[in-house]
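Structure assessment
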Amino acid sequence: MSETASVLSNSSSLTPSELSQLALKIKQWGKELGFAQIGICDTDLTEEEPKLQQWLDKGYHGDMGYMEAHGMMRARPYELHPGTIRVISARMDYLPPQAGFATNLQDPNLAYISRYAGGRDYHKLIRNRLKHLGQRIQAELDTLDAGKTNFRPFVDSAPILERPLADKAGLGWTGKHSLLLNEDAGSWFFLGELLIDLPLPVDIPVKEGCNTCVACIKSCPTNAIVAPYIVDGRRCISYLTIELQGAIPEEFRSLIGNRIYGCDDCQLVCPVNSKAPLTIESDFHTRDLLKQPKLLTLFNWGEAEFLKITEGSPIRRIGHQRWLRNIAVALGNAPASQAIIDALELRKQSDEVNELVIEHIEWALIQQRERLVQETFAPNRKTQRVIRSVEKGLPRDA
Ligand code: B12
Ligand code: SF4
Ligand code: SF4
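Residues numbered from 1 in each chain as written. Chains lettered and ligands numbered in written order. Predicted model: local features only at pLDDT ≥ 70, side-chain atom pairs only at ≥ 80, totals over all residues.

**A look at the overall build of the chain**
The helix and strand inventory of the chain stands at 16 helices and 10 strands. Looking at the chain as a whole, 46% of its 398 residues are labelled buried. The contacts in the chain between residues at least 6 apart in sequence include a share of 81% that link residues at least 24 apart. (Helix = DSSP H or I, 4+ residues; strand = E, 2+ residues; numbered from the N terminus. Buried ≥ 20, exposed ≤ 12 C-beta atoms within 10 Å, placed from the backbone. Contact = placed C-beta atoms within 7 Å.)

**Some thoughts on the sheet that holds strand 1 (residues 37-41)**
The 4 strands lie next to each other as 1-2-7-4, forming an open sheet whose pairing is antiparallel. With one partner strand each, in any of the chains shown, strand 1 and strand 4 (151-154) form the two edges of the open sheet. Between one strand axis and the next, the sheet turns by 20 degrees as a mean value, whatever way the strands run. Judged from the 5 bridges that link them, strand 1 and strand 2 (residues 86-93) form a sheet pairing that is antiparallel. Bridging across to strand 2, Ile-40 finds its partner in Ile-88. (Pairing = 2+ DSSP bridges. Axes fitted to C-alpha atoms, helices over the stretch in contact; angles between N-to-C directions.)

**A few points about the UniProt feature "binding site: cob(II)alamin" (unreviewed entry) in the chain**
The positions that UniProt labels "binding site: cob(II)alamin" (unreviewed entry) are, in the present scheme, Arg-74, Asp-156, Thr-174, Leu-180, Leu-191, Ser-238, Cys-263 and Asp-264. Taking the farthest pair of C-alpha atoms as the criterion, the annotated set spanning 191 residues is dispersed, since that pair is 25.1 Å apart. On the secondary structure map, Arg-74 appears in the loop between helix 2 (48-57) and helix 3 (77-80). Residues within four places of Arg-74 in sequence aside, it is in contact with Leu-52, Pro-159, Ile-160 and Leu-161. Summarising the element assignment, Asp-264 is placed in the loop between strand 10 (259-261) and helix 10 (265-268). By the C-beta count within 10 Å, which is 26 here, Asp-264 ends up buried. Setting aside residues no more than four positions away along its own chain, Asp-264 makes contact with Phe-101, Ser-114 and Arg-115. (UniProt positions renumbered as here; feature names shortened; annotations may be inferred.)

**A short note on unusual backbone geometry**
One can expect most non-glycine residues to show negative phi and most peptide bonds to be in trans. Although it is not a glycine, Gln-98 sits at a positive phi angle of roughly 45 degrees. Locating Gln-98 in the fold gives a position in the loop between strand 2 and helix 4 (101-105). The backbone phi angle of Tyr-229 is positive, close to 80 degrees, even though this residue is not glycine. Positionally, Tyr-229 belongs in the loop between strand 8 (225-227) and strand 9 (230-231).

**Focus on the UniProt feature "binding site: [4Fe-4S] cluster 1" (unreviewed entry) in the chain**
In the numbering adopted here, UniProt assigns the feature "binding site: [4Fe-4S] cluster 1" (unreviewed entry) to Cys-210, Cys-213, Cys-216 and Cys-270. Spanning 61 residues, the named residues form one tight spatial group whose C-alpha atoms are at most 10.4 Å apart. Positionally, Cys-213 belongs in the loop between strand 7 (189-196) and helix 7 (215-219). Judged by the 15 C-beta atoms lying within 10 Å of it, Cys-213 falls in the partly exposed class.

**Comments concerning the pairing of strand 7**
For strand 7, the tally of buried residues reaches 8 of 8 residues, placing the bulk of the element in the interior. The two faces of strand 7 match: Phe-189, Leu-191, Glu-193 and Leu-195 on one face and Phe-190, Gly-192, Leu-194 and Ile-196 on the other face are all buried. In terms of strand pairing, strand 2 meets strand 7 through 8 bridges, oriented antiparallel. Each residue of the ladder has a partner; that of Ala-90, found in strand 7, is Gly-192.

**Quick word on the nonpolar core**
Among the nonpolar cores identified, the biggest contains 106 residues, and Tyr-94, Ala-111, Leu-295, Ile-327, Ala-328, Ala-330 and Leu-331 are the most heavily contacted of them. Both domains that meet at this core, namely domain 1 (11-98 + 111-196) and domain 2 (215-397), each give it at least three residues. Not counting chain neighbours up to four residues away, the residues in contact with Leu-331 comprise Leu-295, Phe-299, Ile-340, Leu-344 and Ala-364. (Core = buried A, V, L, I, M, F, W, Y, C linked by C-beta atoms within 7 Å. Domains from an automatic or database assignment.)

**So, the site of ligand 1**
Around ligand 1 sit 36 residues, and of these Lys-51, Glu-162, Leu-180, Ser-238 and Gly-262 come closest. Where the shell around ligand 1 is concerned, the elements lending two or more residues are helix 2, helix 6 (162-168), strand 7, strand 9 and helix 8 (237-243). Tallying contributions element by element places helix 2 first for the shell around ligand 1, with 4 residues. Here the shell around ligand 1 is composed, by residue class, of 21 nonpolar, 8 polar and 7 charged. (Near = placed C-beta within 6 Å. Nonpolar A, V, L, I, M, F, W, Y, C, P; charged D, E, K, R; others polar.)

**Some words on the site of ligand 2**
The immediate surroundings of ligand 2 are formed by 13 residues, with Cys-220, Cys-236, Cys-263, Asp-265 and Cys-266 found nearest. If you list the elements that add at least two residues to the shell around ligand 2, you get helix 8 and helix 10. Each residue belonging to the shell around ligand 2 can be placed in one class, and the counts come to 9 nonpolar, 3 polar and 1 charged.

Pasting the structure below:
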């Protein structure tokens, strides 16, 4: 049936024992569909509502208007999809092989792209798998002659608090960086969920495991983790390079370093990630052209090339102008070089750049020219600490 086909459920016809059996099967089917883990929770997020409201009141969402657009619906899955009484929460690993984190961060002429974004866009892939999961559940109900279920898959872009739901469903605990962490799998995974109207048995949340650690808070390049569990989105490099439409505030430009699309630092220093498994999805492997790419190479891509190379990748959504904006900032942070100055000048003259990009290019030119007469380059102290921590704690992925 179509995932949106809404037919009143007669799920009450299933006995508690049949529902428990079904829950076990759902977890097994989830694995077969490539999910690392599935958990089930109810829809009650009332505890999160005041925290979400506070986060919005403080303006931590910045320009992400979609975060406030739906009021408290984010904390009320039953409003998003009426009839919902359970959330089947799923996580899928994305850490690609040969991540080369430290290699990448310590070479300021290379562009750093968040490791979730080097392969295929996860939204469609996960949503489709969740849809298949829903269809398998329906097929099982058919064999039990138990009527129709009403389900709907969501991944990331819907107004729903995915992390608190996954926390409730026992997939891990909320780390001080605000991401979900799993004792065996770290945090390199996406979340998605199937909203459903079956009274399945719920899972038990796991105990918080950060203890006294504060590594993520201390290592965030822009001090975006303003208190344990609370991220001021406006300061986060992920927001500045992906979500923000306009100019990147100057105070953050040098702190961004060579990170041109997202940031992984709070996860890189996390000790729980030392056990993280690599993804089993080849779709999430980093595309060859995005493996340790040179800033200048990426900066020279024209729009057609950008669109072609990033087809099907999450990177495409920022568009060519913001791509150039971000790379201009990274070039401004790179060691002084005449080749960089020439490339910036050339781009500035081209008819492919808008005012936004020109302003960032001008900033980069000033940094480059000042540095040309000054010193040799070294990554800032925080980044050096992240690099050391990755080399020591995540040697496989360094
Ligand atoms: C908006 C958003 C962002 C914003 C804001 C980040 C944020 N922390 O809110 C920006 C653009 C900065 C961002 C960045 C990233 N994001 Co994001 N993001 C989202 C999105 C769309 C909504 C998150 C949200 O609801 N924020 C609102 C605030 C209020 O929620 P919150 O941060 O969880 O806040 C809660 C805590 O503060 C808590 N709280 C307050 N006090 C206390 C005290 C205690 C003790 C506790 C336990 C909790 C607590 O209550 C609040 C309300 O629940 C979700 C997808 C989704 N629909 O849920 C993905 C999502 C959270 N992002 C994800 C990822 C992967 C990232 C990045 C790693 C991407 C990257 N590499 O660049 C970074 C990580 C940055 C970070 N440390 O958070 C994944 C996380 C997967 C996981 N393992 O948890 C998600 C779930 C997307 C997905 N479907 O997989 N993201
Ligand atoms: S993603 Fe980077 S900038 Fe954002 S909170 Fe984590 S370390 Fe800070
Ligand atoms: S770095 Fe430490 S405090 Fe931060 S999420 Fe990981 S274990 Fe928790």
